[in-house]
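Fold and geometry: a report
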Amino acid sequence: MISVHGNCHLPGSSDSPASASRVAGTTGVCHNAHGVMTHCSFFLTPSQRLERCMSIVTSMTAGVSEREANDALNAYVCKGLPQHEEICLGLFTLILTEPAQAQKCYRDLALVSRDGMNIVLNKINQILMEKYLKLQDTCRTQLVWLVRELVKSGVLGADGVCMTFMKQIAGGDVTAKNIWLAESVLDILTEQREWVLKSSILIAMAVYTYLRLIVDHHGTAQLQALRQKEVDFCISLLRERFMECLMIGRDLVRLLQNVARIPEFELLWKDIIHNPQALSPQFTGILQLLQSRTSRKFLACRLTPDMETKLLFMTSRVRFGQQKRYQDWFQRQYLSTPDSQSLRCDLIRYICGVVHPSNEVLSSDILPRWAIIGWLLTTCTSNVAASNAKLALFYDWLFFSPDKDSIMNIEPAILVMHHSMKPHPAITATLLDFMCRIIPNFYPPLEGHVRQGVFSSLNHIVEKRVLAHLAPLFDNPKLDKELRAMLREKFPEFCSSPSPPVEVKIEEPVSMEMDNHMSDKDESCYDNAEAAFSDDEEDLNSKGKKREFRFHPIKETVVEEPVDITPYLDQLDESLRDKVLQLQKGSDTEAQCEVMQEIVDQVLEEDFDSEQLSVLASCLQELFKAHFRGEVLPEEITEESLEESVGKPLYLIFRNLCQMQEDNSSFSLLLDLLSELYQKQPKIGYHLLYYLRASKAAAGKMNLYESFAQATQLGDLHTCLMMDMKACQEDDVRLLCHLTPSIYTEFPDETLRSGELLNMIVAVIDSAQLQELVCHVMMGNLVMFRKDSVLNILIQSLDWETFEQYCAWQLFLAHNIPLETIIPILQHLKYKEHPEALSCLLLQLRREKPSEEMVKMVLSRPCHPDDQFTTSILRHWCMKHDELLAEHIKSLLIKNNSLPRKRQSLRSSSSKLAQLTLEQILEHLDNLRLNLTNTKQNFFSQTPILQALQHVQASCDEAHKMKFSDLFSLAEEYEDSSTKPPKSRRKAALSSPRSRKNATQPPNAEEDTGCRWSRQEDTKPKPTKRKRKGSSAVGSDSD
């Protein structure tokens, strides 16, 4: 296999492919197409096409001379178009998988290709758009090498491949692989500059891409070097081919503003403003740029294909109010680093300029655009990112023209402000303030144009009935007086209400005009990542973030509509159409199963047209709607009832899948059919999990679900599993509990680290189901925690509902995991905020023998009169393990007393170990002493405690001696009675605190200061000091 190497470097075009493979980290040569991918091979198409093509080429060229091989290839190509395609794809596959043969294979490819490399270019584009992230590093390097050769050869269409490659360069990502790709593509464009200048669209796309990337590349020397190359590249194209760059439109100005402080761009700005003719005779000035709308192809090019796919998937399935987990996933995937803040502007511009939903989507409960943009704005972590995000939102307002611009570009901003007025007035206020202040400040010489653009936007919004009128927004009492006055001053026309102010019900307008250049397949409404706006609607539960999913019995009252598959039938072959009609007319399950098997058999025939899979999936989804209603799991679970429950006609696809080998072409075809079904009916995912769990025919086949997950548009096991389990949670809690043991057992890497999955389960189970899961754990059928991840999951659970937390702790306690594994959680627990976790932890600690680490964590809790946790557990340990506890406390006292005061004060609370100071220990001990005052417990008469107190007292300052005088009196009594027999000494030590307390009350110290190391304590060298840390020397007369 090809090893994955983090810091790939593409050698120069003069380097051989073999050297390229060495640089990328190749440790061996992969001899089949399966080596191309890390997880699964895209070469296993329904006919295993690419692998077969490579085998054909290999069989024709192995063991013969180069001339004989060329003759054989040419003779085979001349037989027809299919043979020509096979040879081209076979050579292409060899270039990717056999770096040592790449140069020779490319020469052969150039000789035998009869279509100007069109087949190869299409395949490269397909891989880049669908499978690039799964390519191993060697294959990525080979792909770049191949594109470089295509560009050098001047192949027609290579510019399209370069643009697709640039789309794969993610914004806000400075990981090694992304930087390598950015530099590799830039090197190709720089080396082949004359070729680049022949394509206007490539010039504009390259300038747009690298202007955007310059902002991300700063810091290290490597990034600075790359940044300079990008600056030089962009400046040269902007100065030499400015009119080609002009096609970018107004967003070119936005990108140039972001890099304006770089010296080269500062000079360019001077020419744009003061001497535009120097750039091009046709360029009249910056207003010409700002009045030109940016094409959607430029806005879309800064989102990777993977991002777009995920967004399209979410928009077609995510309902408003249920977006939290999808937002969390998107946040983790794309927005979790400080560098990724710049990506928010790309996303907002993409949503406003590209995502124009159909009227059908607008009138449905699909997550609206304004909610996603509101989330992006409220989760910005820097002021600069927030300002840029607001500018991206309002950018089309500034020079809006109803004749040239679309209402869909300006609609999200007004709806964000309207919908956030009630729950989040501060968001509305900051956006309105930004809208007012941007008019004079965007570019003062064009203030009049900006004012007219904003006025036109607001007027168009009212005309199109996005909002009936703006007075409830502009003159709302929730806004402060200064802002309302500013709005009345700048927009008096919109501040007067025609009638008493009424809350306008927003229509995400069904009658809204659509962009006439918007194609259906581009209606990818962007749905995103976390949840500032998840719970804004009044009908959502405001209590807990998971509770909104519990109102599902309504589904049972839905009136069943008649099945209509007429629109799909005409798109099917005649024989398949007849079988689908038979399936529709089937009177019983057995008859339907027979017809369904015939349909599956026809799909698996070699001459079946795979283009019909999508239409067939639509028919099956309509016909079997009843399969996905109601509970799946039988009331009484027996082998017979389980087998009967998996006898549905649709499950025949699952059964056939289980009977096939995974490297079979039929297996891939059925996975494609299931993937199409999954897009149309998301519940198919957890139904597959149930079948693999319940059916005898599927015993030991649970791994098939992973193949299914990789075949879906998601392409990721973890994401697919979380979504399917969430769908199951919403539909059938009993089934969720039934699947849980299998899911955790079969997919440990995806489940045992997932607090999200555990929360799904504990958010809906009742006490009986909890007890059932605990029994599964105790019997060894279920493992839900492991040592390396349990602490993080329990920390995540601190934000859950009370019952959910108790469930999580009960499940944890059912496992045989040492308590020391999770004891660091004490650092995160506050007595007012986390009573559930503290109670569970306290009850568990009382069953344990104290270790030094446990005692340290317990003592590290801040002292507070209302927080009895530390005193409670110390008292219990005093009763059960007094000698062991005394030794641990002595050790901690001496260690902390030996640390210099400065070092103690510099300890960080964010360090791996809890912060523990000497004063904390003494305070907790004093509280314990008071708690034990009226008991017969002799804890403070033990020698280790008295020795440690004496040791601390000897080096302590006067303030602490006064503050803890009762505690230190024990040590003084111990010293006075050191010559007495042990029994009388213990009695004297025990009675000492009371007699001293009755005799006099020590004054309180005015301020808390740390104990300092006394130089008078000992005049011996440092080795002697270390020896005095031991228990034997502490009781000596040190003063």
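Residues numbered from 1 in each chain as written. Predicted model: local features only at pLDDT ≥ 70, side-chain atom pairs only at ≥ 80, totals over all residues. Heavy atoms only, no water.

**Points about the overall build of the chain**
- Tallying secondary structure elements over the chain gives 55 helices and 0 strands in all.
- Per-residue burial for the chain yields a buried fraction of 55% across its 1039 residues.
- For the chain, contacts bridging at least 24 residues in sequence account for 76% of all contacts bridging at least 6.
- Surface accessibility of the chain: about 45900 Å² in total, with carbon and sulfur atoms responsible for 49%. (Helix = DSSP H or I, 4+ residues; strand = E, 2+ residues; numbered from the N terminus. Buried < 20%, exposed > 50% of the residue type's maximum accessible area, 1.4 Å probe, protein only. Contact = heavy atoms within 4.5 Å. Areas by Shrake-Rupley, 256 points an atom, 1.4 Å probe, with all protein chains shown as cover.)

**Considerations on empty space enclosed by the protein**
- The tally for this structure, following the rule as stated, stands at 5 cavities of 30 Å³ or more.
- Of the pockets and cavities examined, the largest cavity occupies roughly 60 Å³.
- Around the largest cavity, the lining residues are Arg 325, Tyr 326, Trp 329, Arg 332, Thr 719, Met 722, Met 723 and Glu 756.
- Considering every element that reaches the lining of the largest cavity, the biggest residue donor is helix H19 (residues 324-334), with 4 residues. (1 Å grid on protein atoms, 1.4 Å probe; cavity = no way out; pocket = protein on both sides within 12 Å on 5 of 7 lines; lining within 4 Å. Points joined across faces, edges and corners; volume = space filled by probe spheres on them.)

**Some details on helix H50 (residues 918-931)**
- If you check H50, its first and last C-alpha atoms are 20 Å apart, about what 14 residues at 1.5 Å a residue would give, namely 20 Å.
- Judged by how many residues are buried, H50 sits mostly within the fold: 10 of 14 residues are covered.
- Taken together, the buried positions of H50 are Leu 918, Glu 919, Gln 920, Ile 921, Leu 922, His 924, Leu 925, Asp 926, Leu 928 and Arg 929. (Expected span 1.5 Å × (residues − 1).)

**Points about unusual backbone geometry**
- In the Ramachandran plot, Met 117 falls in the positive-phi region, its phi being about 70 degrees despite a non-glycine side chain.
- Along the chain, Met 117 turns up in the loop between helix H5 (102-112) and helix H6 (118-130).
- Phi is positive for Arg 465, which is not a glycine, with a value near 65 degrees.
- With respect to the helices and strands, Arg 465 occurs in the loop between helix H26 (447-463) and helix H27 (471-474).
- The exposure class assigned to Arg 465 is exposed, which follows from its relative accessible area of 52%.

**What to know about the packing of aromatic side chains**
- For the coordinates displayed, the defined rule picks out 24 aromatic pairs.
- A centroid spacing of 5.9 Å and a plane angle of 75 degrees characterise the contact between Tyr 651 and Tyr 691, whose relative ring orientation is edge-to-face. Placement of Tyr 651 in helix H34 (residues 651-658) and of Tyr 691 in helix H36 (residues 684-694) is noted, with a sequence separation of 40 residues between them.
- On the basis of relative accessible area, Tyr 651 is assigned to the buried category, the value being 2%.
- Considering the side-chain rings of Phe 939 and Phe 940, the 5.3 Å spacing of their centres and the 85 degrees angle between planes classify their relative orientation as edge-to-face.
- On the basis of relative accessible area, Phe 940 is assigned to the buried category, the value being 9%.
- Pairwise contacts between aromatic rings join Tyr 678, Tyr 705, Phe 708 and Phe 747 into one cluster.
- When the ring centre of Tyr 132 is taken as origin, the NZ or CZ atom of Arg 140, which lies over that ring, is 4.5 Å away.
- Arg 861 extends its terminal NZ or CZ atom over the ring of Phe 869, reaching a point 5.3 Å from the ring centre. (Phe/Tyr/Trp six-rings, centres within 6.5 Å; stacked < 30°, edge-to-face > 60°. Lys NZ or Arg CZ within 6 Å of the ring centre and 35° of its normal.)

**Comments concerning the confidence of the model for the chain**
- Predicted confidence across the chain gives a mean pLDDT of 79, with 81% of residues reaching 70 or more.
- By mean pLDDT, helix H1 (residues 17-24) is the weakest element of the chain at 35, and helix H11 (residues 200-214) is the strongest at 95.
- Low pLDDT, under 50, characterises residues 1-44; the predicted model gives this stretch 112 contacts beyond four residues in sequence or across chains.
- For the stretch residues 901-914, pLDDT sits under 50, and the model shows 22 contacts to residues farther than four places along the chain or on other chains. (pLDDT = per-residue confidence, 0-100.)

**Concerning the environment of Leu 604**
- Relative to the helices and strands, Leu 604 is located in the loop between helix H31 (589-603) and helix H32 (613-623).
- Sequence spacing of Leu 604 and Ser 668 is 64 residues, and the spatial spacing of their C-alpha atoms is 10.0 Å.

**A look at the packing of helix H12 (residues 221-240) against helix H15 (residues 263-274)**
- Interhelical geometry of H12 versus H15 gives an angle of 20 degrees and a closest axis separation of 10 Å. With respect to H15, the axis of H12 lies roughly parallel. Here H12 and H15 pass one another in a crossing that is left-handed. Contacts from Gln 228, Val 231, Asp 232, Cys 234, Ile 235, Leu 238 and Arg 239 in H12 reach Glu 264, Phe 265, Leu 267, Leu 268 and Asp 271 in H15.
- Here the residues of the contact of H12 with H15 are counted per class, giving 7 nonpolar, 1 polar and 4 charged. (Axes fitted to C-alpha atoms, helices over the stretch in contact; angles between N-to-C directions. Parallel < 35°, antiparallel > 145°, perpendicular 65-115°, else oblique. Left-handed = near helix turned anticlockwise from the far one by under 90°. Nonpolar A, V, L, I, M, F, W, Y, C, P; charged D, E, K, R; others polar.)

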